[in-house]
Each structure stands twice: as structure tokens, then as C-alpha cells.
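As a plain string of letters, each chain reads:
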Amino acid sequence: MMSRTETPHWHLLGAGHIGTWAARHLLAAGHRVSVIRATQATAVHARFTRADGRDRTMLRLPVASPAALSAPLSHVVVACKTPFTDTAVVLFTSGSEGV
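Residues numbered from 1 in each chain as written. Predicted model: local features only at pLDDT ≥ 70, side-chain atom pairs only at ≥ 80, totals over all residues. Heavy atoms only, no water.

## Concerning the pairing of strand E3 (residues 44-48)
Move 1: In E3, alternate side chains face the same way, and those of Val-44, Ala-46 and Phe-48 are buried while those of His-45 and Arg-47 on the opposite face are not.
Move 2: As paired strands, E3 and strand E4 (residues 57-61) are joined by five bridges and run antiparallel to one another. Residue pairing across strands places His-45 opposite Arg-60, the latter belonging to E4. (Buried < 20%, exposed > 50% of the residue type's maximum accessible area, 1.4 Å probe, protein only. Helix = DSSP H or I, 4+ residues; strand = E, 2+ residues; numbered from the N terminus. Pairing = 2+ DSSP bridges.)

Below is the structure:
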């Protein structure tokens, strides 16, 4: 169980525009964020810039495969397009026992 002072580790299924936007805000709030992908082992990089050119933010998110997950996950964001949600969840749940 997590202590009150420990921040949760969020796991992200889907690292497109919405997923990386969610990750940006979670990171800004002090949380840890990782991307779960079955095929890509390299980190996800994203850049955000406001329309007025201010507030440039670079993100580097670590990536893990479902098989590499060792503990049950308590915080998951599913941020993929509706037609791909079932596939993402199946890949996620079939690759890790107890998730």
C-alpha cells in the first residue's frame, strides 16, 4: 500500500496527443509516468509549445512491455482511439500476470 507522501506511478496505454498531454500534467503534479507498449522499447519523446510560443515543455517517458511489468498496477490511463481500446487492453492484460 502506498503511503500518503508517496506519489503514484501512472502507466499509460496510448502515447499519442491525449496520452502525452495527460502525462505532461501528471508529471507536473509530481507523479511518475511510464508508457506500456508491446513493440517499442525506446523512450517516448514529446514536445509541447503554447500557441503564443511560451511554455515549451519536452517530455521523455520510459517505455515498458507488458511482459516486463512485475507488480499489479494501481494507476493506469487508457488513452487510445476507441477502435483500438480492446486490442490495447488485451495486450496489456495478457502480457502480465496479476495486472
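## As for the confidence of the model for the protein
Close inspection of predicted coordinates is inappropriate for parts of the model with low pLDDT.
Move 1: Averaged over the protein, the pLDDT score is 79; the fraction of residues at 70 or greater is 85%.
Move 2: Ranking the elements of the protein by mean pLDDT puts helix H2 (residues 85-94) last with 68 and strand E2 (residues 32-36) first with 91.
Move 3: Throughout residues 95-99 the model reports pLDDT below 50, and contacts reaching past four residues in sequence, or to other chains, amount to eight contacts. (pLDDT = per-residue confidence, 0-100. Contact = heavy atoms within 4.5 Å.)

## Overview of the layout of surface pockets
Rolled over the atoms, a probe as big as a water molecule pinpoints where empty space is left.
Move 1: By volume, the second largest pocket amounts to about 180 Å³.
Move 2: Along the wall of the second largest pocket there are 14 residues; nearest its centre are His-9, His-11, Ala-71, Pro-72 and Leu-73.
Move 3: Across the lining of the second largest pocket, the residue classes break down as six nonpolar, six polar and two charged. (1 Å grid on protein atoms, 1.4 Å probe; cavity = no way out; pocket = protein on both sides within 12 Å on 5 of 7 lines; lining within 4 Å. Points joined across faces, edges and corners; volume = space filled by probe spheres on them. Nonpolar A, V, L, I, M, F, W, Y, C, P; charged D, E, K, R; others polar.)

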